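# Fold and contact review
Residue-level listing of the chains:
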Amino acid sequence: MAVSTEARSIVRAAFGGRCGYCGVSETSVGGELEIDHFHPLAAGGSDDIENLVYACTACNRFKGDYAPAHDAPESLRLLRPQRDDFGAHVEETVHGRLIGLTPRGWFHIQRLHLTPFAMPLLPYWRLIGPCSGRDPAGALRPSARALRRARAYSYTAA
Ligand SMILES: [Zn+2]
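Residues numbered from 1 in each chain as written. Predicted model: local features only at pLDDT ≥ 70, side-chain atom pairs only at ≥ 80, totals over all residues.

Here we come to the confidence of the model for the chain. Looking at the chain as a whole, the pLDDT averages 80, with 72% of positions reaching at least 70. Confidence drops under pLDDT 50 across residues 117–144; counting only partners more than four residues distant or on other chains, this segment forms 40 contacts. Taken together, the stretch residues 150–158 has pLDDT below 50 and engages in ten contacts with residues farther than four places along the chain or on a different chain. (pLDDT = per-residue confidence, 0-100. Contact = placed C-beta atoms within 7 Å.)

Let's shift gears to the environment of L52. Assignment of secondary structure puts L52 in strand β2 (residues 52–55). Overall, the presence of 24 C-beta atoms within 10 Å leaves L52 in the buried class. L52 has contacts with V3, A7, V11, I35 and H37, leaving out every residue within four places of it along the chain. (Helix = DSSP H or I, 4+ residues; strand = E, 2+ residues; numbered from the N terminus. Buried ≥ 20, exposed ≤ 12 C-beta atoms within 10 Å, placed from the backbone.)

Another aspect to go through is helix α4 (residues 103–111). For α4, the full list of buried residues reads R104, G105, W106, F107, H108 and I109. Those residues of α4 that are buried lie in contact with β3 (90–92) and β4 (98–100). Of the residues one or two after α4, H113 is the one with positive phi, at around 55°.

The structure is reproduced here in structure tokens:
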């Protein structure tokens, strides 16, 4: 069953017109974004509002029908928009590069190809609640603790 126009409007509003996975805005993309099923229809997901994510074309394509096994480890799970605290898993360095703070954060970055090139405006900090009120200059500077954690989970993908 297709997502209704009403459901689409609700999801679009709930995500503030931004991609739930990378934070890119409709303004940056130049048009409305797509509706993604977090738990893919192909894997038994539903059209329920709670399963819908407002997503840019790139994130939607890279995510595809990805559905980790029920007992998959954290390192094979995407961050769930509006459920997971992105700031606890992903951080932006002073050079504008995204680093994973956890295996799950790294997986999210890798699976969705969230490079600085894919995210020219790096709008994460406006998207993720807990850090949104922080001083921007401070928010973009990773803490020593974050860097230690990032090194502990060094990124091994090509
Ligand atoms: Zn996106």
